[in-house]
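Summary of the model geometry
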Amino acid sequence: MINRVGCAILSSSNEIIIGANVENASYGAAICAERTAITKAVTTGNRKFKAIAISTDLETCASPCGICRQVIREFADSELKLPIYMFNKDGSKVKILTIGELLPLSFGPGDLGIDPSTV
């Protein structure tokens, strides 16, 4: 079963970058909506984010998968307060958690000796 997922990122320059999941018969070649939007953001010069929103065609709120959580973490501020808005299919339900709450005890660029402000 293929679920449709969409993601919108609000950049620090107030641009909205969108992405959708792209499924593939070879599951490993699929890409999630969050990583699609982040890839688009980074390739257009947007590396600082104010918020991320995720929506799906399910009754439950859409939470990022583990890989997406780690990728989002790479672009979060040092305090990990980047809010993630997770919506259900019609927007009647929303959960808001920070990336720090979604990925506790995470590691990021600073843990690898990379200045996070340059990422």
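Our structure's up above, just so we're on the same page.
For clarity, every value in this text was computed on a predicted model and none was experimentally measured. (Residues numbered from 1 in each chain as written. Predicted model: local features only at pLDDT ≥ 70, side-chain atom pairs only at ≥ 80, totals over all residues. Heavy atoms only, no water.)

Things to note about the pattern of salt bridges
Within this structure, the stated rule accounts for three salt bridges. For Arg-4, the salt bridge goes to Asp-57, with nearest N and O atoms at 3.1 Å. Taken together, the residues Arg-4 in the segment before strand 1 (5–11) and Asp-57 in the loop between strand 3 (49–56) and helix 2 (66–74) connect sequence positions 53 residues apart. For Arg-73, the salt bridge identified is with Asp-111, shortest N-O distance 3.9 Å. Of this pair, Arg-73 sits in helix 2 while Asp-111 sits in the segment after helix 3 (99–102), and the two are 38 residues apart along the sequence. (Salt bridge = Lys/Arg side-chain N within 4 Å of Asp/Glu carboxyl O. Helix = DSSP H or I, 4+ residues; strand = E, 2+ residues; numbered from the N terminus.)

Section: the sheet that holds strand 4 (residues 83–87)
Taken together, the five strands give an open sheet; going across it, the order is 2-1-3-4-5, and neighbouring strands pair in mixed fashion. Looking at strand neighbours, the two that pair on one side only are strand 2 (16–20) and strand 5 (94–98), the edges of this open sheet. Across the sheet, the mean angle from the axis of one strand to that of its neighbour is 15°, orientation sign disregarded. This element, helix 1 (residues 33–43), spans strand 1, strand 2 and strand 3 of the sheet and lies at about 140° to strand 2. (Pairing = 2+ DSSP bridges. Axes fitted to C-alpha atoms, helices over the stretch in contact; angles between N-to-C directions. Contact = heavy atoms within 4.5 Å.)

Quick notes on a nonpolar patch on the surface
There is a patch of nonpolar side chains on the surface, built from Phe-107, Leu-112 and Ile-114 and spanning about 300 Å² of accessible area. Examined against the element boundaries, Leu-112 turns out to sit in the segment after helix 3. With relative accessibility at 57%, the residue Leu-112 sits in the exposed group. (Patch = residues over 30% accessible without salt bridge, like charges linked within 9 Å, V, L, I, M, F, W, Y side chains within 5 Å. Areas by Shrake-Rupley, 256 points an atom, 1.4 Å probe, with all protein chains shown as cover. Buried < 20%, exposed > 50% of the residue type's maximum accessible area, 1.4 Å probe, protein only.)

Quick notes on the nonpolar core
Within the largest apolar cluster, 23 residues are counted, with the highest numbers of intra-cluster contacts made by Ile-9, Phe-49, Ile-52, Leu-82, Ile-84 and Ile-99. Elements represented by at least two residues in this core include exactly strand 1, helix 1, strand 3, strand 4 and helix 3. Take this core: its biggest share by element is four residues, from helix 1. Beyond its immediate sequence surroundings of up to four residues, Ile-9 is in contact with Glu-15, Ile-16, Ile-17, Ala-37, Ile-38, Ala-41, Phe-49, Ala-51 and Ile-52. (Core = buried A, V, L, I, M, F, W, Y, C linked by side-chain atoms within 4.5 Å.)

A short note on helix 1
Along helix 1, the residues classified as buried are Ala-33, Glu-34, Arg-35, Thr-36, Ala-37, Ile-38 and Ala-41. The secondary structure elements touched by the buried residues of helix 1 are strand 1, strand 2, strand 3 and helix 2. Positive backbone phi, at 90°, marks Gly-45, one or two positions downstream of helix 1.

Everything listed here is a matter of coordinates, which is why it stays silent on function.
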